[in-house]
Amino acid sequence: PNLNDAVEKDLESNGYQVLTGPSEQVDKVIQLYETMLTRHTTMIVGETGGGKSVIIKTLARAQDALGKPTKLIVLNPKAQSVSELYGSLDRDTRE
């Protein structure tokens, strides 16, 4: 099974309507997956009720179903300093 199939199956089994059109639910899960392959950090923003949590949790469950164990850790960004969240840059070494 591929990721697309696993995402659709997970959405269906959790009682969600499976939306497969461009820029719809399944597409957004795949876009998040592809973004996370190339970036070391990802921020998901949007309106309340826009499906952010559904997309994140669906991706995690779909990866689990494909044998890629996934752990979600939610942080409260207001409880962290900017350097704890993003790290710091040494101006001399650029590290």
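Predicted model only: the values in this text are computed from it and were never measured.

### As for the overall build of the chain
Within the chain one finds 4 helices and 0 strands. For the chain, the sequential pattern of α-helices and β-strands runs α-α-α-α. Taken over the C-alpha trace, the chain has a radius of gyration of 16 Å; the compact-globule value for 95 residues is 12 Å, which it surpasses by more than 25%. Each principal axis of the C-alpha atoms in the chain carries an extent, and together these give about 50 × 30 × 25 Å. Across the 95 residues in the chain, those meeting the buried criterion constitute 19%. Sequence-distant contacts in the chain: of pairs separated by 6 or more residues, those separated by 24 or more amount to 43%.

### A few points about the side chain of threonine 58
Within the secondary structure, threonine 58 is located in helix α3 (residues 52–65). The buried category is assigned to threonine 58, whose relative accessible area is 0%. From its side chain, threonine 58 meets the backbone oxygen of valine 54 in a polar contact 2.6 Å long. Not counting residues up to four positions away in its chain, the partners in contact with threonine 58 are Val7, Asp10, Leu11 and Val29.

### Some details on the confidence of the model for the chain
The predicted model of the chain has a mean per-residue pLDDT of 90, with 99% of residues at 70 or higher. No element of the chain has a lower mean pLDDT than helix α4 (residues 82–86), which averages 83, and none a higher one than α3, which averages 95.

### Overview of the layout of surface pockets
It is a probe the size of a water molecule, rolled over the atoms, that shows where empty space is left. Roughly 1000 Å³ of internal volume is contained in the largest pocket. Those elements that place two or more of their residues in the lining of the largest pocket are α2 (25–38), α3 and α4. Broken down by element, the lining of the largest pocket gets its largest block of residues, 7 residues, from α3. Roughly 350 Å³ of internal volume is contained in the second largest pocket.

### Some details on the packing of helix α1 (residues 3–13) against α2
The interhelical angle for the contact between α1 and α2, taken along N-to-C directions, is 130°, at an axis separation of 10 Å. With respect to their mutual orientation, α1 and α2 come out oblique. Classified by chirality, the crossing of α2 by α1 is right-handed. Each of Leu3, Asn4, Val7, Glu8 and Leu11 in α1 lies in contact with α2, whose residues at this interface are Gln25, Val26, Val29, Ile30 and Tyr33.

### Side note on α1
For α1, the set of buried residues is Leu3, Ala6, Val7, Asp10 and Leu11. The buried residues of α1 occupy one face: seen down the axis, they fall within an arc of 130°. Within α1, the exposed residues directed more than 90 degrees away from the buried face are Lys9, Glu12 and Ser13. In this structure, the buried residues of α1 make contact with α2 and α3. Two to three positions downstream of the cap, the backbone nitrogen of asparagine 4 sits 3.2 Å from a side-chain oxygen, assigning the N-cap of α1 to asparagine 2. Count one or two residues on from α1 and you reach glycine 15, which has phi positive near 85°.

Thresholds applied
- Residues numbered from 1 in each chain as written.
- Predicted model: local features only at pLDDT ≥ 70, side-chain atom pairs only at ≥ 80, totals over all residues.
- Heavy atoms only, no water.
- Helix = DSSP H or I, 4+ residues; strand = E, 2+ residues; numbered from the N terminus.
- Rg over C-alpha atoms; globule rule 2.2 N^0.38 Å.
- Buried < 20%, exposed > 50% of the residue type's maximum accessible area, 1.4 Å probe, protein only.
- Contact = heavy atoms within 4.5 Å.
- Polar contact = N/O pair within 3.5 Å; in protein donor to acceptor, adjacent residues only side chain to side chain.
- pLDDT = per-residue confidence, 0-100.
- 1 Å grid on protein atoms, 1.4 Å probe; cavity = no way out; pocket = protein on both sides within 12 Å on 5 of 7 lines; lining within 4 Å.
- Points joined across faces, edges and corners; volume = space filled by probe spheres on them.
- Axes fitted to C-alpha atoms, helices over the stretch in contact; angles between N-to-C directions.
- Parallel < 35°, antiparallel > 145°, perpendicular 65-115°, else oblique.
- Left-handed = near helix turned anticlockwise from the far one by under 90°.
- Arc of directions from axis to C-beta.

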